[in-house]
Amino acid sequence: MFAFGIVAMAPALVISRMISPRKRSNPVKFLPMECGQVPSGEGRTHFMMQYYPYILMFVIFDVMAIFLYAWGSVLLEIPKVATLPMMGFLAIMFGAMAFALYQSGRRRIW
């Protein structure tokens, strides 16, 4: 698999090296730009984390859906005792969901 990755990546690197400009004739051309404009201000700024709880909820529901689908597809074929680990899993996931909802109510930390 690693060899296939190298073989698949090598032509792209070689072609980009062959067609890229060799010299820096115009210094303005190689400046970093923001939508075609010369950048102004500091590049690193503080971002508001107001959507952090919703990201947590998405990850929780995404993982939960993957495991619930696999569990639900074999539910009738597995013994009844096999539902206990899934109930434990759901308890952990709903605990994480409760934490995300708790965090969404704490607006002062954003």
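In the nomenclature of an unreviewed UniProt entry, the protein is known as NADH-quinone oxidoreductase subunit A of Nitrosopumilus cobalaminigenes. What UniProt states about the protein under its Subcellular location (unreviewed entry) heading is, verbatim, "Membrane". Under the UniProt heading Sequence similarities (unreviewed entry), the entry covering the protein gives this text: "Belongs to the complex I subunit 3 family."

Observations regarding helix 1 (residues 2–19)
The end-to-end C-alpha distance of helix 1 is 26 Å, a good match for the 26 Å that 18 residues give at a rise of 1.5 Å each. Met-9 marks where helix 1 bends most, by close to 25°; the proline Pro-11 follows one to four residues later. Of all the 18 residues making up helix 1, zero are buried; the element is thus mostly uncovered.

With respect to helix 3 (residues 83–105)
Taking 1.5 Å of rise per residue, 23 residues should cover 33 Å, and helix 3 covers 33 Å from first to last C-alpha, within 8% of that figure. In this structure, the buried residues of helix 3 make contact with helix 2 (52–73).

Observations regarding the packing of helix 2 against helix 3
Helix 3 packs onto helix 2 with a crossing angle of 165° between their chain directions and a minimal axis gap of 9 Å. Taken together, the axes of helix 2 and helix 3 are roughly antiparallel relative to one another. Judged by the sense of rotation from one axis to the other, the crossing of helix 2 with helix 3 is left-handed. In terms of residue class, the contact of helix 2 with helix 3 is made up of 21 nonpolar, three polar and no charged.

The rules behind these values
Residues numbered from 1 in each chain as written. Predicted model: local features only at pLDDT ≥ 70, side-chain atom pairs only at ≥ 80, totals over all residues. Heavy atoms only, no water. UniProt positions renumbered as here; feature names shortened; annotations may be inferred. Helix = DSSP H or I, 4+ residues; strand = E, 2+ residues; numbered from the N terminus. Expected span 1.5 Å × (residues − 1). Bend = angle between axes of the 7 residues up to and from the residue. Buried < 20%, exposed > 50% of the residue type's maximum accessible area, 1.4 Å probe, protein only. Contact = heavy atoms within 4.5 Å. Axes fitted to C-alpha atoms, helices over the stretch in contact; angles between N-to-C directions. Parallel < 35°, antiparallel > 145°, perpendicular 65-115°, else oblique. Left-handed = near helix turned anticlockwise from the far one by under 90°. Nonpolar A, V, L, I, M, F, W, Y, C, P; charged D, E, K, R; others polar.

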